[in-house]
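Structural description and commentary
Each chain is listed here by its residues.
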Amino acid sequence: MSILQSLNQQHAIENHVQLREIADGVIIAEVSNQHALANIALQGAHIATFQPRGEEPVLWLSPNAKFAPGKSIRGGVPICWPWFGPHQTDSSLPGHGFARTVPWELLATKAYPDGSTSLRFGLIENDTTRTQWPHASTAQLEVTVGKSLRVELVTTNTGDAPFELGEALHTYFQISDVGNMTIKGLDGCEYLDKVQDFARFTQHDGIVIESEVDRVYVNTEADCVIEDKGLKRAIRIKKQGSKSTVVWNPWQEKAEKMGDFGPALHRDMVCVESGNALENVITLQPGETHTLMAEYSVEKL
Ligand code: TA6
């Protein structure tokens, strides 16, 4: 029996989940239920698409995204783990950690009476991950696809020494045009601005993007709302277990330089990332578990 057949035998649920191989070695859990459609790659437990029925897609996926073993997918919900951004001491290690480019195991699927579907994934360690991250730990991702998309990243310290964890759900949202959009919820928050050498500023009012933006808002547990006048909708981002919110748009020049982005596509997306980064990294004691949760839902404007 092929891997795909055995995955389907164990985890497919009629009218909820089916596993498909979309390219050589690239398996996707396709979720289709009464509320929404979603595709989740087993590599990286990467949610590539989420679209509530009757709505435009909530997540942005680059038309030039690469679906290939070892490559991160440009769009959807990349998981940055167990560090965010560059590694603190070793710049040769991959930015945003390795979780988004390694295979995860599909551990369980479940259909709920309300019509939603959940899937649980576990990160698979290998020799490379153990070398890059010599801390005994587990990472699991629970994804619930309903009217909203709920994502929980659960980290447990299974060793006998504490470690520092950086993490983020690096979510790309689809918008009608960056000029139609305001991000609310961060008024009064402090942020470190990567575009200005990590200088510290305070946000006033909503965030309007008119050039490259790459900011880590710190010490904020607030919901964010992406108001989109073009699509006449707002995307609400609720979160728990997260003290940092990252806002990113590469703008034209940087987007053009990325092979899996493309000219002008920066206008269709914005990343609003829920996580724990920079001064908000988490210290996890032996035996402790930390859960980072974000939930994305659509409201009419
Ligand atoms: O979250 C923002 C950021 O850290 C930016 O600095 C930007 O480079 C982006 O992530 C994308 O990173 P990636 O490694 O996916 O190209």
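Note that this is a predicted model, so its numbers are computed, not measured.

This part takes up the sheet that holds strand β22 (residues 289-300). Two modes of strand pairing occur in sheets, parallel and antiparallel, and in both the strands are linked by backbone hydrogen bonds. The eight strands are arranged β6-β7-β8-β9-β22-β18-β17-β13 in an open sheet whose pairing can be described as antiparallel. If you trace the sheet from one side to the other, it starts and ends with β6 (104-111) and β13 (181-184), each paired once. With direction set aside, neighbouring strand axes in the sheet form an average angle of 15°. As judged from the six bridges shared by strand β7 (residues 117-123) and strand β8 (residues 137-145), these two strands associate in the antiparallel manner. Counted as the bridge partner of G122 is Q140 from β8.

What follows concerns the site of the ligand. Every residue close to the ligand is listed here: R74, F84, H96, R100, H170, K194, D214, V246, W248 and E273. Within the side chain of R100, a nitrogen or oxygen atom sits 2.8 Å from an oxygen atom of the ligand. Separating an oxygen atom of the ligand from a side-chain N or O atom of H170 is a distance of 2.9 Å. Coverage of the ligand by the protein chains reaches 79% of its 390 Å² of free accessible surface. Among the residues making up the shell around the ligand, the classes are represented as three nonpolar, two polar and five charged.

For the rest of this paragraph, the subject is the side chain of N280. In this fold, N280 is placed in the loop between β20 (269-276) and β21 (282-284). Excluding anything up to four places from it in sequence, N280 contacts V218, N219, K243 and S244.

On to the environment of R120, then. On the secondary structure map, R120 appears in strand β7. Sequence-wise, R120 and L292 are 172 residues apart; in three dimensions their C-alpha atoms are separated by 14 Å. Not counting chain neighbours up to four residues away, the residues in contact with R120 comprise E105, L106, L107, A108, Q140, L141 and E142.

Here the focus is the pattern of salt bridges. If you walk through the whole model with that rule in mind, you get 17 salt bridges. Where R20 meets E30, a salt bridge forms, and the shortest distance between an N and an O atom there is 2.9 Å. Highlighted residues: R20 in strand β1 (residues 17-23) and E30 in strand β2 (residues 26-32), separated in sequence by 10 residues. Overall, R20 belongs to the partly exposed group, its relative accessible area being 36%.

Cut-off values and rules
- Residues numbered from 1 in each chain as written.
- Predicted model: local features only at pLDDT ≥ 70, side-chain atom pairs only at ≥ 80, totals over all residues.
- Heavy atoms only, no water.
- Pairing = 2+ DSSP bridges.
- Helix = DSSP H or I, 4+ residues; strand = E, 2+ residues; numbered from the N terminus.
- Axes fitted to C-alpha atoms, helices over the stretch in contact; angles between N-to-C directions.
- Near = heavy atom within 4 Å.
- Polar contact = N/O pair within 3.5 Å; in protein donor to acceptor, adjacent residues only side chain to side chain.
- Areas by Shrake-Rupley, 256 points an atom, 1.4 Å probe, with all protein chains shown as cover.
- Nonpolar A, V, L, I, M, F, W, Y, C, P; charged D, E, K, R; others polar.
- Contact = heavy atoms within 4.5 Å.
- Salt bridge = Lys/Arg side-chain N within 4 Å of Asp/Glu carboxyl O.
- Buried < 20%, exposed > 50% of the residue type's maximum accessible area, 1.4 Å probe, protein only.

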